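# Chains, contacts and geometry: an overview
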Amino acid sequence: MNYYLGVDVGTSSVKSLLMDSEGKTVGTSQIGYDIIKEKLQYAEQDMEKLWEATKETITDLVKRYPEESAKIHGISYSGQMHGLVMIGADGKLIRNAIIWADQRSEKEIQKIYDITGKDTYRGTVLNSLSTGFLISSLMWVKEHEPENFEKIRYVVFPKDYIRCGEIGTDMSDASSGAIFDTKKRDWAWGLIEKLQMPKEIFPECHEAYEAAGTVNKECAEQTGLKEGIKIAYGGGDTLMQGVGNGIIRPGVLAANIGTSCQ
């Protein structure tokens, strides 16, 4: 029998789950962490600490279930949505992630609307801007931390930094960044150009189930996983929870009393 590993990179903790191919849970592991709030409206996280927590949960499962872990056939992720993670040309973090709960970018939202036109913007992304969205936070960094903005090679979402494999994101998280053309299923290049954002910092978008790569030697050494296991891009937590709950056809309903979603 094959086994699968699911990792949820949440706001307050990371949760890893080992299951068999019939959907039976073998074991779970969870480690919590905090939000960094240097100022009242700020909400940040050190993605390296989230990566360390992720490694610990995976290592814990591998140690407790060695036989099953040796037969892991695939790994995928769900993750907290909207947050801005900035990566430099060296592949390292430029600063702490500005996560979905951050509220510092109200003025930047108005500036985005002033530049692009509110109706045009909303008609493209099919959403209204909010603080904590990737593009709102990115505009704030451009305005207030130009030295960090200049260092950006890629912007990604929290789970995308934690996941081994190619740099990229999936359609659900990309849409949650509110700089995504939902109808075309690609970044909103016209809006990006109007906002004078470098196009090259936005990575490729893939479907959640597509392969982002495999467990490499370094990742294997740090977690105890076997090299070569396929890793999927994964998706935003709310969307992936919907799939897990079987909400893939009309007539199915779920209620989630979570940190921020319903």
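To start, this report covers the structure provided alongside it. (Residues numbered from 1 in each chain as written. Predicted model: local features only at pLDDT ≥ 70, side-chain atom pairs only at ≥ 80, totals over all residues. Heavy atoms only, no water.)

Scanning the chain for helices and strands turns up 11 helices and 15 strands. C-alpha extents for the chain along the principal axes are approximately 60 × 45 × 35 Å. Counting only residues that meet the buried cut, the chain has 48% of its 262 residues in that class. Considering only residue pairs separated by 6 or more positions, the chain has 64% of its internal contacts joining residues 24 or more positions apart. The centroid of the 30 positive side-chain charges in the chain is displaced by 2 Å from the centroid of its 38 negative side-chain charges. (Helix = DSSP H or I, 4+ residues; strand = E, 2+ residues; numbered from the N terminus. Buried < 20%, exposed > 50% of the residue type's maximum accessible area, 1.4 Å probe, protein only. Contact = heavy atoms within 4.5 Å. Lys, Arg positive; Asp, Glu negative; His and termini not counted. Charge placed at Lys NZ, Arg CZ, Asp CG, Glu CD.)

Let us look at the pattern of salt bridges. For the structure on display, the rule yields 14 salt bridges. For R104, the salt bridge identified is with E44, shortest N-O distance 2.8 Å. One end of the pair, R104, is in the loop between β7 (97–98) and α3 (106–116); the other, E44, is in strand β4 (residues 44–45), and 60 residues separate them in sequence. In this structure, R163 engages D160 in a salt bridge whose closest nitrogen and oxygen atoms are separated by 2.8 Å. Given a relative accessible area of 4%, R163 falls into the buried group. Accessibility expressed as a relative area gives 6% for D160, which makes it buried. Several salt bridges share partner residues, and in doing so they unite E44, R95, D102, R104 and E145 into one network. (Salt bridge = Lys/Arg side-chain N within 4 Å of Asp/Glu carboxyl O.)

To continue, consider the nonpolar core. Considering soluble globular proteins, one finds that nonpolar side chains tend to be buried as a cluster. Formed by 36 residues in total, the largest nonpolar core has its most connected members in Y121, I135, L138, I179 and F202. Taken together, the elements giving at least two residues each to this core come down to α3, α4 (118–125), α5 (134–144), β8 (152–156), α8 (171–176) and α9 (189–194). Among the elements that line this core, the one with the most residues is α5, at six residues. When neighbours within four sequence positions are excluded, I135 is seen to be in contact with I112, Y121, L129, G177, A178, I179, L195 and M197. (Core = buried A, V, L, I, M, F, W, Y, C linked by side-chain atoms within 4.5 Å.)

What follows is about the side chain of T116. On the secondary structure map, T116 appears in helix α3. Taking relative accessible area as the criterion, T116 reaches 5% and is therefore assigned buried. Of note is the side chain of T116, whose polar atom sits 2.8 Å from the backbone oxygen of I112. Setting aside residues no more than four positions away along its own chain, T116 makes contact with Y121, L191, K194 and L195. (Polar contact = N/O pair within 3.5 Å; in protein donor to acceptor, adjacent residues only side chain to side chain.)

A separate point is unusual backbone geometry. Although it is not a glycine, L126 adopts a positive phi angle of roughly 55°. In this fold, L126 is placed in the loop between α4 and α5. Unlike most non-glycine residues, A178 shows phi in positive territory, near 65°. Its location among the elements puts A178 in the loop between α8 and β10 (180–181). Assessed through its relative accessible area of 1%, A178 is described here as buried.

Moving on to the pairing of strand β6 (residues 85–88). Burial of β6 is two-sided: the residues V85 and I87 facing one way and the residues M86 and G88 facing the other way are all buried. Examined bridge by bridge, β6 and β8 share four bridges and lie antiparallel to one another. Bridge pairing links V85 to V156 in β8. (Pairing = 2+ DSSP bridges.)

This part is about α3. Every α-helical turn comprises 3.6 residues, leaving residues that sit three or four positions apart pointing alike. For α3, the complete set of buried residues consists of E108, I109, I112, Y113 and T116. Buried residues of α3, seen end-on, are gathered within an arc of 140° and therefore sit on one face of the element. In α3, those exposed residues whose orientation departs by more than 90 degrees from the buried face are E106, K107 and D114. Considering only its buried residues, α3 is in contact with α4, α5 and α9. Directly beyond the C-terminal end of α3, a positive phi value near 90° is found at G117. (Arc of directions from axis to C-beta.)

So, about the packing of α3 against α5. Axis separation between α3 and α5 bottoms out at 9 Å; the angle between their running directions is 100°. Considering their axes alone, α3 and α5 lie roughly perpendicular with respect to each other. Of α5, the residues touching α3 (which contributes E108, I109, K111 and I112) are I135, S136, M139, W140, E143 and H144. Its residues assigned to classes, the contact of α3 with α5 shows five nonpolar, two polar and three charged. (Axes fitted to C-alpha atoms, helices over the stretch in contact; angles between N-to-C directions. Parallel < 35°, antiparallel > 145°, perpendicular 65-115°, else oblique. Nonpolar A, V, L, I, M, F, W, Y, C, P; charged D, E, K, R; others polar.)

In short, geometric facts, not functional conclusions.
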